Amino acid sequence: MVTRSTSSDLLRERLRTLLGLDAEFAEGSGDASLVGPTSGSSTTGAASAPEPVLVQVLTADGDEIPAFLLRPEPDVATGAAVVLVAGHGRGIDDLVAMDPADEYHDGLAHKLVRAGFTVLCLEMVSFGRRRFAQADGADAYEPAENTCGIDAARHLLHGQPVMGHRVADARAAVQALRQVPGVDPGRVAVAGGSGGGAVALLLAAVDPTVSAALVATYFCTFEASLCSIRHCPCNIVPGLLPDLEMADIAALIAPRPLVLEAGERDPIFPIAATRASFARLAGVWEEHGAVPPELVVTDGGHAFRADRSLDALVERIA
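What you are looking at is a predicted structure, and each value in this text was computed from that prediction instead of being measured.

1. So, the sheet that holds strand E4 (residues 81-85)
With mixed pairing, 9 strands are arranged side by side in an open sheet as E1-E2-E3-E5-E4-E6-E7-E8-E9. Every interior strand has two partners, whereas the edge strands, strand E1 (33-35) and strand E9 (294-298), have only one. On average, adjacent strands in this sheet sit at an angle of 25 degrees to one another, irrespective of strand direction. Running over the sheet, helix H10 (residues 308-317) touches E4, strand E6 (188-193), strand E7 (213-216), strand E8 (258-263) and E9 and is turned about 180 degrees from E8.

In structure tokens:
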């Protein structure tokens, strides 16, 4: 339950520990950087369809993570930027897919770029180019197949949930994006839907330097979603309950901007629980004298439409 009787700083430290991120926030842990072409815009001939450029996020530990970078045209660029995290599927390829667009993400990276954001789409562990290596002779993965089950087990057996690894990688992407020419380092947000929404919510909660968060088709309650409906094991972070329900985690983002999107007919994140959880947030922002979060409810199901929710993010950060 959201409460002001417990220090937000203490809750944030606890969440970092549960995610296995204590070392990430230790003094002198270092920043990440971007390797690859980062300046200027690149289009396919239409200002509405920038060509994604494949780059690498070089973490402080020396790991290289594939990512797509998309730059807006100079006449629409605002200086704001977003680290965009994909939900379950083909990974970053789904975020930039056009003609046809991915059913869930609906050309999301391009929508953000048209709104003036520089966008960095980071490949998460278990998806696309970062799936667990197959044994020799094994059948090739299907394009949308993930290795969450394997990666979740491997991480938990080593004492860290795979979600913590993903949050750490997304944080490295934020650090790298701040260094890109034309990006205002004080206006770098994180966005994602479904599993990507989990990463976005958790990252904004544990790292107060993240400027804003857009979270779609994830915010609900753990009790009504993960604890009542079958979900991927990559979502499991041992020890969150009972003290860190989703509303408690979201409250750690205050007073920074938070925009939430949910589907009225989402079968795996029930809208009634989403609304009840959201109702507990406004007072936290009001205590800070800040604009409360916005919940955008679409008439669809489990899909990230980024219509009003994108406008709300633009109003708050761009």
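2. Overview of the packing of helix H4 (residues 148-157) against helix H5 (residues 162-177)
Put simply, H4 and H5 touch, their axes get as near as 8 Å, and they point 95 degrees apart. Here H5 runs roughly perpendicular to H4, going by the angle between their axes. Contact residues: Cys148, Asp151, Ala152 and His155 in H4; Val162, His165 and Arg166 in H5. Grouping the constituent residues of the contact of H4 with H5 by class yields 3 nonpolar, 2 polar and 2 charged.

3. Quick word on unusual backbone geometry
Following Asp99, the chain continues to Pro100 via a peptide bond in cis, the omega torsion being 5 degrees. With respect to the helices and strands, Pro100 occurs in the loop between helix H2 (92-96) and helix H3 (108-114). With an omega of 5 degrees, the peptide bond running from Ala254 to Pro255 counts as cis. A positive phi is found at Asp99, a non-glycine position, where the angle reads about 50 degrees.

4. Side note on the pairing of strand E3 (residues 64-70)
Where burial is concerned, most of E3 is hidden: 6 out of the 7 residues are buried. As paired strands, strand E2 (residues 53-58) and E3 are joined by 6 bridges and run antiparallel to one another. Across the sheet, Val53 pairs through a bridge with Leu69, a residue of E3. Connecting E2 to the next strand, E3, in antiparallel fashion are 5 residues, including Gly62 with a positive phi near 95 degrees. Note that E3 and strand E5 (residues 118-122) share 4 bridges and pair antiparallel. Bridging from a neighbouring strand, Leu69 pairs with Leu120 of E5.

5. Let's talk about the packing of aromatic side chains
With the rule as written, the count across this model stands at 1 aromatic pair. Residue placement shows Arg16 over the ring face of Phe25; its charged tip is 3.8 Å from the ring centre. When the ring centre of Phe25 is taken as reference, the NZ or CZ atom of Arg171 above it lies at 3.9 Å.

6. Comments concerning the pattern of salt bridges
In total, this model carries 15 salt bridges according to the counting rule given. Note that Lys111 is salt-bridged to Asp106, the shortest N-O span being 2.9 Å. Judged by its relative accessible area of 12%, Lys111 is buried. You can call Asp106 partly exposed: its relative accessible area is 30%. Linking Arg130 and Asp169 is a salt bridge whose minimum nitrogen-to-oxygen distance equals 2.9 Å. In this pair, Arg130 sits in the loop between E5 and H4 while Asp169 sits in helix H5, placing the two residues 39 residues apart along the sequence. For the pair shown, Arg130 and Asp169 are each scored as buried.

Criteria and cut-off values
Residues numbered from 1 in each chain as written. Predicted model: local features only at pLDDT ≥ 70, side-chain atom pairs only at ≥ 80, totals over all residues. Heavy atoms only, no water. Pairing = 2+ DSSP bridges. Helix = DSSP H or I, 4+ residues; strand = E, 2+ residues; numbered from the N terminus. Axes fitted to C-alpha atoms, helices over the stretch in contact; angles between N-to-C directions. Contact = heavy atoms within 4.5 Å. Parallel < 35°, antiparallel > 145°, perpendicular 65-115°, else oblique. Nonpolar A, V, L, I, M, F, W, Y, C, P; charged D, E, K, R; others polar. Buried < 20%, exposed > 50% of the residue type's maximum accessible area, 1.4 Å probe, protein only. Phe/Tyr/Trp six-rings, centres within 6.5 Å; stacked < 30°, edge-to-face > 60°. Lys NZ or Arg CZ within 6 Å of the ring centre and 35° of its normal. Salt bridge = Lys/Arg side-chain N within 4 Å of Asp/Glu carboxyl O.

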